[in-house]
Amino acid sequence: MTDVVLITGAGIGIGRAAALAFAAAGHHVVVTDVLEPEGRAVVAEIAAAGGRAEFHRLDVRSTEAADALVADIEARHGRIDIIVANAGIAHKVPLPELSDDKWDHTLDIDLKGIFRVIRPALPGMKARRKGAIVALSSIMGVAYGWDEHVHYSAAKAGVVGLVRGLGVELARDGIRVNGVAPGYIRTAQLLSKEHSVGPDADKCGEYIPMGRIGEPEDIADVILFLASDAARYMTGQVVVVDGGLLVGRY
Ligand code: NDP
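From a predicted model like this one, the values you see are computed outputs, not experimental measurements.

**Student:** What's the story with the pairing of strand β6 (residues 175-182) in this structure? I'm lost.
**Tutor:** Here is the key point about a regular strand: its side chains alternate between the two faces of the sheet. In terms of residue burial, β6 counts as a mostly covered element, since eight of its eight residues are buried. Neither face of β6 is exposed, since I175, V177, G179 and A181 on one face and R176, N178, V180 and P182 on the opposite face are all buried. With six bridges joining them, strand β5 (residues 131-136) and β6 adopt parallel strand pairing. What sits directly across from G131, in β6, is I175.

**Student:** Hey, could you run me through a nonpolar patch on the surface in this one?
**Tutor:** A cluster of nonpolar side chains, contributed by I12, V34 and L35, occupies part of the molecular surface with about 200 Å² of accessible area. Residue position: I12 is located in the loop between β1 (4-7) and α1 (13-24).

**Student:** Mind showing me how you'd approach the packing of aromatic side chains here?
**Tutor:** For any pair of aromatic rings, the description consists of the separation of the ring centres together with the inter-plane angle of the planes. In total, this model carries two aromatic pairs according to the counting rule given. Considering the side-chain rings of Y184 and Y207, the 6.1 Å spacing of their centres and the 80 degrees angle between planes classify their relative orientation as edge-to-face. A residue pair is termed long-range when its members are at least 10 positions apart, and Y184 in the loop between β6 and α9 (188-191) and Y207 in the loop between α9 and α10 (216-227) qualify at 23 residues. Judged by its relative accessible area of 34%, Y207 falls in the partly exposed class.

Each value, and the rule that gives it
- Each chain carries its own residue numbering, running from 1 in the written order of its sequence.
- With the structure being a predicted model, the display of local features is reserved for residues of pLDDT at least 70 and the display and counting of side-chain atom pairs for 80 or more, all residues being used for whole-chain, interface and lining totals.
- Here the side-chain values reflect all heavy atoms present in the structure, with hydrogen atoms and water set aside.
- Only protein chains enter the calculation, and the probe is 1.4 Å; a residue is then buried if its accessible area is under 20% of its type maximum, exposed if over 50%, and partly exposed in between.
- A run of H or I in DSSP counts as a helix once it spans at least four residues, and a run of E counts as a strand once it spans at least two, with each numbered from the N terminus.
- At least two DSSP bridges between two strands are required for those strands to pair.
- Think of a patch as exposed residues, more than 30% relative accessible area, with no salt bridge, where like charges cluster within 9 Å and nonpolar side chains (Val, Leu, Ile, Met, Phe, Trp, Tyr) cluster within 5 Å.
- Using a 1.4 Å probe, accessible areas were evaluated by the Shrake-Rupley method; residue-level cover was limited to the displayed protein chains.
- Salt bridge, as used here, is a side-chain nitrogen of Lys or Arg placed within 4 Å of a carboxyl oxygen of Asp or Glu.
- Only the six-membered ring of Trp is used, alongside the rings of Phe and Tyr, when aromatic pairs are assigned; centres must lie within 6.5 Å, and planes under 30 degrees apart are stacked while those over 60 apart are edge-to-face, with the rest tilted.

Structure representation (structure tokens):
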């Protein structure tokens, strides 16, 4: 059966790859992002390949907008079956500059922004006793500390707690909640010189056991699996997808 899938931050990067993967699997994808031309381009790409998708601008900092979009999707499609809470930022901020505002900005998007899109969809998922939710954490929240990104590490560690809590509380309602913790993945976030590794990110492949950084599709396929019936007995888990980085020797 075709599922209705809501994805945040789906105009580029991992979210875009997830949108393409769900559409290729035959699902109806609601592509959302603050990046409008990019989001619309993903919908066009899906349509050109014979898939079904629609775009809506959604800034996950707005509870009102998240509530309204979920209500709109449910009114038109009758349901939301899957949520991929992917939108995130990873701003580099050295500790002396980490003001309340900067801390709040990242936590508001990377942690609360995930809860904002999930919360309004829960009554419908509970009523239908069907739902699969996948949230994006990071190896920087699961295992590593990331200097000059303390707020990001804190938010991504928070995602692990969110996934566990929701997973347990929703298990008897037929709703599964899991997460993915990517390693180094070739997206705008990683390639940003200002905030992360920069354009020569491929050099990180030297210390990744598989010998390369990840591609957005490497994460999208795991998200698709976690949202599928193949993962029907999994909930509350955050799966590391990092080419062996965390279990490596270095
Ligand atoms: P990208 O920056 O490539 O894409 C993230 C998307 O989310 C962008 O379109 C971005 O827009 C959007 N976004 C930012 N703020 C908001 C907001 N308030 N509301 C809605 N959308 C927003 O990131 P990735 O694809 O790399 O990352 C996807 C997720 O995976 C993130 O949560 C990230 O933290 C996580 N992750 C990524 C890793 C990597 O190596 N790439 C590693 C570990 C985790 P804009 O460009 O304007 O900010």
